[in-house]
Amino acid sequence: MSAEAVSSVGVVPLVDLVAQQAEVHGEVMAELADVLGSASFIGGPAVAAFETAYASFLGARHCIGVANGTDALELALRAAGVTAGGEVILPANTFIATAEAASRIGAVPVPVDVDQEYLLISPEAVAAAVTPRTQAIVPVHLFGQTAFMEQLIPVAEACGAALIEDAAQSQGATRFGRHSGTWGLAAGTSFYPGKNLGAAGDAGAVLTDDPAIAATVRMLGAHGSLEKYRHDAVGINSRLDTVQAVVLKAKLARLQGWNALRRAAAERYSALLAGIPGVVLPREAPGNSDVWHLYVVRVPDRDAVLAALQAAGIQAGIHYPVPVHLSGAYGSHGWVAGSFPVAEEAAGQILSLPLYPHITAEQQERVAGALGDAVRP
Ligand SMILES: *Cc1c(COP(=O)(O)O)cnc(C)c1O
């Protein structure tokens, strides 16, 4: 397609949040007027209201709002007793933040491989990576799925490690009817704008049923303090902004509806793309109800397919092109190419198609048409 043809039909973006924001605009602006008018910028009833609403939506006892998803994971790990030198097992194919959260404590991220079909952390690989230094296991609920929690729980129990879920991509997802983020000792989630539940900036939360973990997370995230100017531990500053809490509360009321739109869009892609030779479509694991944070296909010669899509105005993405253990940040830790073959092979094949609640059927047909053209020899 020529550049002119592209501009005449418009680009299909990977993510488009404008329609979502428009739906909550009136409600958010009215509440923001109160927040700004009363100059109550930190904490206050809006933060507590969102925390209560999100905990009750998930069926978790405690939700502690924090500044972002990476902080949420770090605080959950610290509250669970992870210390410098301890080992934290996590999947090789995740967003770098999962590993950073461990590194910021001085703990050692230990990547392991994932299953071939769903690219979720492999319980067998986790069991094989356990050592006397293992302090935590962090499954990542990748692409809107939920990891194989019922298999990971006994592995964690057998070695005494804390199971801390990375639920940044799975808001609203369930496995056997139980919400993602409520299976482990605690979970960290991110409300980065592009997540299924997204703020108007950075935000995150820790979820747990354990009152002691909840209290420790609150204390560590508030400069190690539960009582003003009494600091019992060296903490950090990680608060959920009041403004973000207002936005999140309004969007939470629509999350189920938006997740249903994502699911319908995923089903439309699967129908449109069925039968295109060489394109492997994503499937839902038995027991899971996924929330389709991303719709990830696998294609041979992925980089050429991606370039062809881009030339056709289709903004596809790759989540993630370089596994954690081969990244510049962690490449010096002694892992070599070939360490985690399933994650490495997938990194060369995966392609995330444009997906968001308000994507139109016409946009999806354009994506499917362009993908068909790109893979046909
Ligand atoms: C987005 C994300 C995070 C971290 O989120 P931030 O809010 O950007 O710190 C962590 N893990 C995964 C899997 C994510 O997708």
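Along each chain, residues carry numbers from 1 onward, in the same order as the chain's sequence is written. The predicted nature of this model means local features are confined to residues of pLDDT at least 70 and side-chain atom pairs, given and counted, to a pLDDT of 80 or more, with totals for whole chains, interfaces and linings taken over all residues. Water and hydrogen atoms play no part in the side-chain values, which are based on all heavy atoms of the structure.

**Some thoughts on helix α9 (residues 242–273)**
We count it as follows: A run of DSSP states H or I qualifies as a helix once it reaches four residues; a run of E qualifies as a strand once it reaches two. Both are numbered from the N-terminal end. What a helix is expected to span follows from its residue count: subtract one and scale by 1.5 Å. Fitting axes to the seven residues ending at a residue and to the seven starting there, one defines the bend at that residue as the angle between these axes.
Over its 32 residues, α9 extends 43 Å from the first C-alpha to the last, a length consistent with the 46 Å expected when each residue adds 1.5 Å. The axis of α9 is deflected most strongly, by about 50°, at arginine 254. Glycine 275 sits one or two residues past α9 and shows a positive phi near 85°.

**Details of the site of the ligand**
In plain terms, the rule: Near, as used in this document, describes a residue that has one of its heavy atoms within 4 Å of the molecule or strand being considered. We call two N or O atoms a polar contact when they sit within 3.5 Å, provided that within protein one can donate a hydrogen and the other can accept it, with sequence-adjacent residues counted only if both atoms are side-chain atoms. Note on areas: Shrake-Rupley, 1.4 Å probe, and residue coverage restricted to the protein chains presented here.
Taken together, 14 residues are adjacent to the ligand, and Gly69, Thr70, Asp166, Ser190 and Lys195 come closest. Within the contact set of the ligand, a nitrogen atom lies 2.7 Å away from a side-chain nitrogen or oxygen of aspartate 166. In the model, an oxygen atom of the ligand is placed 2.7 Å from a nitrogen or oxygen of the lysine 195 side chain. Calculation on the ligand without its partners gives an accessible area of 380 Å², and the protein chains cover 93% of this total. Looking at the shell around the ligand, the elements that each hand over two or more residues are α4 (69–79) and α5 (97–103).

**So, the packing of helix α3 (residues 45–58) against α9**
The condition is simple: Between the N-to-C directions of two axes lies an angle of 0 to 180 degrees, each axis being a line fitted to C-alpha atoms and, for a helix, fitted only over the stretch in contact. With respect to orientation, any angle under 35 degrees is reported as roughly parallel, any angle over 145 as roughly antiparallel, any angle of 65 to 115 as roughly perpendicular, and every other angle as oblique. Crossings are classed by handedness, with left-handed meaning an anticlockwise turn of the near helix from the far one by less than a right angle and right-handed meaning a clockwise turn. Contacts were defined at the residue level, with two residues in contact if any of their heavy atoms lie within 4.5 Å. In the scheme used here, Gly and all other residues not listed as nonpolar or charged are polar, with Ala, Val, Leu, Ile, Met, Phe, Trp, Tyr, Cys and Pro taken as nonpolar and Asp, Glu, Lys and Arg as charged.
Viewed as axis vectors pointing N to C, α3 and α9 meet at an angle of 30°, and their least axial separation amounts to 8 Å. Judged by the inter-axis angle, α3 sits roughly parallel to α9. Helix-helix and strand crossings are classified by hand; for α3 and α9 the assignment is left-handed. Judged by residue contacts, Ala46, Val47, Ala49, Phe50, Ala53, Tyr54 and Phe57 of α3 engage Thr242, Ala245, Val246, Leu248, Lys249, Leu252, Leu255 and Gln256 from α9. A per-class count over the contact of α3 with α9 returns twelve nonpolar, two polar and one charged.

**As for the domain arrangement of the chain**
Heads up, the rule is: Domain start and stop positions are those given by an automatic or database domain assignment. Accessible surface is computed with a 1.4 Å probe, and the buried area is the amount of it that two parts give up when combined, taken over both parts together.
Entries for the chain in the domain assignment read domain 1 (3–16 + 254–375) and domain 2 (21–249). Between the C-alpha centres of domain 1 and domain 2 there is a distance of 25 Å. Taken residue by residue, the interface counts 36 residues in domain 1 and 40 residues in domain 2. Carbon and sulfur atoms make up 56% of the area that domain 1 and domain 2 hide from each other, which totals about 3400 Å².

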